[in-house]
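# Survey of secondary and tertiary structure
What follows is each chain in one-letter form.
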Amino acid sequence: MTTLIEVPEAEPGIVAPKSKSKAGGGLGRYIVVRFFLIIPTVFILVTLVFFLMRVIGDPITASQGGRLPPDVLAQRIHDAGYDRPVLVQYFEYLGQLITGNFGTTITDRRPVVEVLTTFGAATLELSINALIVALAVGIPFGLIAAQHRDKTPDALLRFFAILCYATPVFFSGLLLKLTFSVWLGWFPVAGRASTRTELAMSALAAPSGIYWLDALRSGNFAALGDIAAHAVLPAIALGLLTAGVFLRLVRTNVIGTLGKDYVEAGRSRGVSEFRLVTKHAYKPALIPIITVMGLQIALMLGGAILTETTFEWKGLGYQLVQYLNARDFVAVQGIVVLLAIIVAVTNFIVDIIAALIDPRVRY
């Protein structure tokens, strides 16, 4: 005997609940979360830098100890507030950072902010040039290596990639200088530009500090050629360090993409291997590069210190070495904190770009 179960009708005005959609708010929530992660990251880095700088004692004793009479040295330490408890100095330093005050250098009595703005543009220019070299070398060579997998071109390019990221940047810089500057005489040995060009760039109204940009704005193409000649070797030395990583990433991801079903379907329809690599497998392989680019910015900034010293490129890295030699740890602390902030913000921007390209990153 079959029993009929009556289902009660829904009362008027009552609507059955709907399942929540997972699509809404993904990108916005991701951006907000990633933005607020910058704050603890920078806070931890600032804290580590501050206390590591205090391990060796107060900055004035480190830079001026043995050069000044004890009473004069003690008076300077007291005037700067370095005889107070370290925690008091720490919280005061945090308060100064919030207002944009990075302190004053000990050796030349310049505001650290002035040092950062004066020499930061040079480091930015070098990093942009090196990134252009890294992308121009790493991506095409990675595609060629993937297209000729396990053949002679692939083996040679993989060996080239290992050389790129295993060779110290100062050593590759010295080799480039010896070969192309000393022996062949094709490029200048050191510097950002000739003295005449530097004077012309400094005479511009509201210069950006990025020489090739200022030369383009002023229409000074003679200066632009001089700036490009000085930039080639430093950009190659620093760019190859990252190009090897990009080459391996592109090769690995293009090979993985070439095994996908849609690529096999295109191959069965007679699409050429070159078109499969450049049209179908190319774009998906760029997503890991964009994701890793944030980490490579940190590597590039570290390499910029050695590159600027090798080529006497007067940027933050070059100045950092000068202040380290002078034991001016107030200036060193300010430069390192700025580099840490740049790395954190760059990683945030890269994460947002990766989320816009690949929606799976947001969840």
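Residues numbered from 1 in each chain as written. Predicted model: local features only at pLDDT ≥ 70, side-chain atom pairs only at ≥ 80, totals over all residues. Heavy atoms only, no water.

Taking 1.5 Å per residue, 15 residues should reach 21 Å; helix α6 (residues 152-166) reaches 21 Å between its end C-alpha atoms and fits that length. For α6, the secondary structure elements touched by its buried residues are α5 (112-147) and α10 (221-258). (Helix = DSSP H or I, 4+ residues; strand = E, 2+ residues; numbered from the N terminus. Expected span 1.5 Å × (residues − 1). Contact = heavy atoms within 4.5 Å.)

Right, let's talk about the UniProt feature "transmembrane region" (unreviewed entry) in the protein for a bit. In the numbering adopted here, UniProt assigns the feature "transmembrane region" (unreviewed entry) to residues 31-53, 126-144, 156-176, 227-250, 285-306 and 330-357. The distance from the first to the last C-alpha atom of residues 31-53 is 33 Å, and the span holds 100% helix and 0% strand. This span, residues 156-176, is 90% helix and 0% strand, and a straight line between its end C-alpha atoms measures 21 Å. (UniProt positions renumbered as here; feature names shortened; annotations may be inferred.)

Turning our eyes to something else, we now look at the pattern of salt bridges. Using the criterion set out here, one finds six salt bridges in the structure. Between Arg192 and Glu125 there is a salt bridge, and its shortest N-O distance comes to 2.5 Å. One end of the pair, Arg192, is in the loop between α7 (169-183) and α8 (195-202); the other, Glu125, is in helix α5, and 67 residues separate them in sequence. Overall, the relative accessible area of 8% leaves Arg192 in the buried class. Among the salt bridges present, the one from Asp154 reaches Arg251, with a minimum N-O distance of 2.7 Å. One end of the pair, Asp154, is in helix α6; the other, Arg251, is in helix α10, and 97 residues separate them in sequence. Across the pair, Arg251 and Asp154 agree in class, each one buried. (Salt bridge = Lys/Arg side-chain N within 4 Å of Asp/Glu carboxyl O. Buried < 20%, exposed > 50% of the residue type's maximum accessible area, 1.4 Å probe, protein only.)

This brings us to unusual backbone geometry. Backbone phi values are negative for most residues with the exception of glycine, while trans is the configuration of most peptide bonds. A positive phi is found at Asp150, a non-glycine position, where the angle reads about 60 degrees. If you trace the backbone, Asp150 turns up in the loop between α5 and α6. Although it is not a glycine, Glu312 sits at a positive phi angle of roughly 50 degrees. Relative to the helices and strands, Glu312 resides in the loop between α13 (282-311) and α14 (316-325). The class of Glu312 is partly exposed, set by a relative accessible area of 46%.

Locating Gly239 in the fold gives a position in helix α10. A relative accessible area of 0% means that Gly239 is categorised as buried. Spatially, the C-alpha atom of Gly239 lies 7.7 Å from that of Asn129, the residues being 110 residues apart in sequence.

A word on the packing of α7 against α10. In the contact formed by α7 and α10, the axes pass within 9 Å of each other and the chain directions differ by 145 degrees. Between α7 and α10 lies a crossing whose hand is right-handed. Residue-level contacts link Val169, Ser172, Gly173, Leu176, Lys177, Phe180 and Ser181 of α7 to Leu233, Ile236, Ala237 and Leu238 of α10. (Axes fitted to C-alpha atoms, helices over the stretch in contact; angles between N-to-C directions. Left-handed = near helix turned anticlockwise from the far one by under 90°.)

Here the focus is the packing of aromatic side chains. Taken as a whole and assessed by the stated rule, the structure comprises nine aromatic pairs. Measuring from centroid to centroid gives 5.8 Å for Phe180 and Trp186, while their planes differ by 40 degrees, and the two rings are tilted. Note on Trp186: relative accessible area 57%, which makes it exposed. We note Arg192 situated over the ring of Tyr211; from NZ or CZ to the ring centre the distance is 3.7 Å. (Phe/Tyr/Trp six-rings, centres within 6.5 Å; stacked < 30°, edge-to-face > 60°. Lys NZ or Arg CZ within 6 Å of the ring centre and 35° of its normal.)

A word on the nonpolar core. Note that soluble globular proteins tend to have their nonpolar side chains buried in a common cluster. Of all hydrophobic cores here, the largest spans 39 residues; its most connected members are Val46, Leu116, Leu316 and Ile335. Split by domain, the residues of this core number at least three in each of domain 1 (27-99) and domain 2 (114-357). Not counting chain neighbours up to four residues away, the residues in contact with Leu316 comprise Val115, Leu116, Phe119, Gly120, Thr123, Glu308, Ile335, Leu338 and Leu339. Counting residues in hydrophobic clusters, the runner-up holds 14 residues, among them Val169, Leu176, Leu238 and Trp313. (Core = buried A, V, L, I, M, F, W, Y, C linked by side-chain atoms within 4.5 Å. Domains from an automatic or database assignment.)

Where α5 contacts α6, the two axes come as close as 9 Å, and the packing angle between them is 145 degrees. Classified by chirality, the crossing of α6 by α5 is left-handed. Residues Val137, Phe141, Ile144 and Ala145 of α5 form the contact with α6, whose participating residues are Asp154, Leu157 and Phe160. Broken down by class, the residue content of the contact of α5 with α6 amounts to six nonpolar, no polar and one charged. (Nonpolar A, V, L, I, M, F, W, Y, C, P; charged D, E, K, R; others polar.)

What follows is about a nonpolar patch on the surface. On the surface, a cluster of nonpolar side chains totalling about 610 Å² of accessible area is made up of Phe43, Ile44, Leu48, Leu52, Val55 and Ile56. You can see Phe43 is positioned in helix α1 (residues 26-54). Judged by relative accessible area, Phe43 falls into the partly exposed class, the value being 44%. (Patch = residues over 30% accessible without salt bridge, like charges linked within 9 Å, V, L, I, M, F, W, Y side chains within 5 Å. Areas by Shrake-Rupley, 256 points an atom, 1.4 Å probe, with all protein chains shown as cover.)

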